[in-house]
Amino acid sequence: VETKANEKLADVYQHLLQAGVNRNESKCEARLNETLATLQCIFPGNTKPINNKFCSFARGACLAVDAIQYEYVGEHAMLHVCGNALVCDTMDVARYVCWE
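Residues numbered from 1 in each chain as written. Predicted model: local features only at pLDDT ≥ 70, side-chain atom pairs only at ≥ 80, totals over all residues. Heavy atoms only, no water.

1. What to know about the overall build of the chain
Within the chain, the secondary structure is distributed over five helices and two strands. Listing each helix as α and each strand as β along the chain from the N terminus yields α-α-β-α-α-β-α. By the burial criterion, 12% of the 100 residues in the chain qualify as buried. Sequence separation of at least 24 residues holds for 57% of the intrachain contacts in the chain that already meet a minimum separation of 6. Accessible surface, the chain as shown: approximately 8,700 Å² in total, 56% of it carbon and sulfur. (Helix = DSSP H or I, 4+ residues; strand = E, 2+ residues; numbered from the N terminus. Buried < 20%, exposed > 50% of the residue type's maximum accessible area, 1.4 Å probe, protein only. Contact = heavy atoms within 4.5 Å. Areas by Shrake-Rupley, 256 points an atom, 1.4 Å probe, with all protein chains shown as cover.)

2. Remarks on helix 4 (residues 75–82)
When we look at burial in helix 4, the residues that qualify are M78, L79 and C82. Viewed along the axis of helix 4, the buried residues span an arc of 100°, placing them on a single side of the element. Each element contacted by the buried residues of helix 4 is listed here: helix 3 (64–67). (Arc of directions from axis to C-beta.)

3. Some thoughts on the pattern of salt bridges
If you walk through the whole model with that rule in mind, you get one salt bridge. The shortest N-O distance in the salt bridge between R95 and D92 comes to 3.4 Å. Linking R95 with D92, this pair stays in helix 5 (residues 91–99), spanning three residues, or about one helical turn. (Salt bridge = Lys/Arg side-chain N within 4 Å of Asp/Glu carboxyl O.)

4. Considerations on helix 5
Along helix 5, the residues classified as buried are V93, A94 and V97. Seen end-on, helix 5 carries its buried residues on one side only, within an arc spanning 100°. Counted as exposed and oriented over 90 degrees from the buried face of helix 5: M91, D92 and W99. Taken together, the buried residues of helix 5 touch strand 1 (61–63) and strand 2 (86–88).

5. Section: the environment of A67
Position of A67 relative to the elements: it lies in helix 3. For A67, a relative accessible area of 46% gives the class partly exposed. In the structure, A67 is positioned 19 residues away from L86 in sequence and 9.1 Å away in space, judged by C-alpha atoms. When residues no more than four places from it in sequence are discounted, the contact partners of A67 are C62 and V87.

Here it is in structure tokens:
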């Protein structure tokens, strides 16, 4: 009887492996949901809009969010972090942006 039960269990386990079911899947999914909830608290979806005047403020200066390459999924986080920060090509451009 035990051998038949073990054979049946091994058969079920093989079917689960072939189907791609992971016995830790529910734990991983719960951890993922918890992480996403934490990130949504830290980086809320309602970020401040970028001020359009900074997009073409000075030649040689661009928005920091435009200068950084990132995945689309991290867009809200990048907008939150960078805000309206500018990146300048030279110190002369930076002085112009700051003082004129």
